[in-house]
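# Descriptive analysis of the structure
If you want the building blocks of each chain, they are given just below.
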Amino acid sequence: MAVEYRDGLISGCHICQNISLLQLCSRCRAVQYCSNEHQIRDFQSHKTRCKAIKCSLDELNSAQQRIRSYPGDDYWSGRVAGPRLDCMRKRLALVDALGLIKTRDSVHTQLHHLQGNIRLGSTSEGERVPFLLLRLDEDQDAYDFIKWWTARTAQPDERYLDVQDADAFEAPDFLLKEESFSPSALSATLLIKIKMLQDLEALEASIALIGPKVPQEILDNIQVNVLRSPIIRSRILLSRTSSNGGETMRNAVEELQSQIHRISVFISDIDWIPADAREWAKRIWTLMPDTYDAWIEVPGSIETFKRLMGKDAEGRL
Ligand SMILES: [Zn+2]
Ligand SMILES: [Zn+2]
């Protein structure tokens with residue numbers, strides 16, 4: 001699989017990225033256009049995927065109709081188990097068809113359907129949810145989900161344990177246990193922390209360049225144009241008044257670097273994962289397309305990972 005870097009998801013017109021007067025494609029509801037002209041221009045390349053999504057959508061709708069035809073009391077009984085499983089499978093097929101379209105609308109809809117399956121009691125979709133949230137830059141929700149999901153695996157009774165605003169700066173100890181090893185939770189947590197680290201390093205570099213007394217307009221500008229992690233963006237807003245900003249930032253950078261390093265070392269110590277960082281990343285991406293998309297949509301994330309992993313990877317080769 002060739003690594004191509006994209007700068008995030010497409011959120012405007014599928015042809016020109018314009019963000020005004022947008023209209024969703026009425027069949028797949030996954031791509032938007034600013035004009036009929038641009039919709040027509042995209043038709044040849046869009047039609048096959050559009051048709052596949054529409055088919056999956058129709059099949060899901062009829063599967064849902066079949067469930068609704070059962071009387072309410074029967075809903076959780078054995079009689080509906082078959083149709084319910086069928087519905088869950090149709091949802092996954094729809095998510096796969098949508099997966100080929102890299103737009104915010106498509107990712108939103110995929111997320112909606114995976115969460116629907118989780119509510120119906122499915123257990124594997126949880127591995128994919130954090131990556132879709134990350135692709136939408138909902139990093140705090142992604143982290144909360146990972147905390148909820150990993151706690152849930154250890155204590156299956158707590159089905160509806162709710163986690164909110166968990167601290168993404170905390171040490172990742174809860175993940176570094178061989179008995180509850182989850183490649184997707186590790187990979188998603190790595191990406192959350194790498195996004196945070198990249199932002200802090202960029203902020204540190206700009207402050208070093210401009211000097212300690214950075215005018216507020218410049219800081220605001222950096223926040224809007226450079227920062228990618230919503231977790232860092234909200235922290236920066238909170239810490240505006242703090243006097244020792246520089247020192248705190250240095251500590252945070254070093255802490256994140258060491259956490260990312262710890263996760264990488266933990267991963268490379270597990271036997272089935274190749275020692276070489278590149279091989280590991282490729283394996284994880286091939287296993288899960290959502291993971292691959294989430295990483296390549298954050299420019300520089302793979303380089304940052306390899307930079308921090310570098311010494312250990314070399315030592316093992
Ligand atoms: Zn357009
Ligand atoms: Zn379409």
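Residues numbered from 1 in each chain as written. Chains lettered and ligands numbered in written order. Predicted model: local features only at pLDDT ≥ 70, side-chain atom pairs only at ≥ 80, totals over all residues.

The next thing to look at is the overall build of the chain. Helix and strand counts for the chain come out as 12 helices and 2 strands. The order of α-helices and β-strands along the chain, N terminus first, is β-β-α-α-α-α-α-α-α-α-α-α-α-α. In the chain, which comprises 317 residues, the proportion classed as buried is 32%. Counting contacts in the chain only where the partners sit at least 6 residues apart, residues at least 24 apart contribute 62% of the total. (Helix = DSSP H or I, 4+ residues; strand = E, 2+ residues; numbered from the N terminus. Buried ≥ 20, exposed ≤ 12 C-beta atoms within 10 Å, placed from the backbone. Contact = placed C-beta atoms within 7 Å.)

So, about helix 1 (residues 36–68). With 33 residues, helix 1 extends only 37 Å from end C-alpha to end C-alpha; this falls clearly short of the ideal 48 Å at 1.5 Å per step. Where helix 1 bends most, at Phe-43, the angle is about 70°. All of the buried residues along helix 1 are His-46, Cys-50, Ile-53, Ser-56 and Leu-60. On its buried face, helix 1 sits against helix 2 (81–98). (Expected span 1.5 Å × (residues − 1). Bend = angle between axes of the 7 residues up to and from the residue.)

This paragraph deals with the confidence of the model for the chain. Across the chain, pLDDT averages 81, with 78% of residues at or above 70. Looking across the chain, the model is least confident in helix 10 (residues 277–287), with a mean pLDDT of 57, and most confident in strand 2 (residues 32–33), with 96. Confidence drops under a pLDDT of 50 for residues 1–6, and excluding neighbours within four residues, the segment shows 8 contacts in the predicted structure. Of the regions scoring below 50 in pLDDT, residues 313–317 engages in 7 contacts with residues more than four places distant in sequence or in other chains. (pLDDT = per-residue confidence, 0-100.)

Relative to the assigned elements, Ser-258 resides in helix 9 (residues 245–268). Classification of Ser-258 by C-beta neighbours within 10 Å gives exposed; the count is 12. Separated by 50 residues in sequence, Ser-258 and Leu-308 have C-alpha atoms that sit 8.7 Å apart.

Moving on: the UniProt feature "domain: MYND-type" (unreviewed entry) in the chain. Listed under "domain: MYND-type" (unreviewed entry) in the UniProt record, and renumbered for this structure, are residues 13–50. End C-alpha atoms of residues 13–50 are separated by 16 Å, and the span's content is 39% helix alongside 11% strand. (UniProt positions renumbered as here; feature names shortened; annotations may be inferred.)

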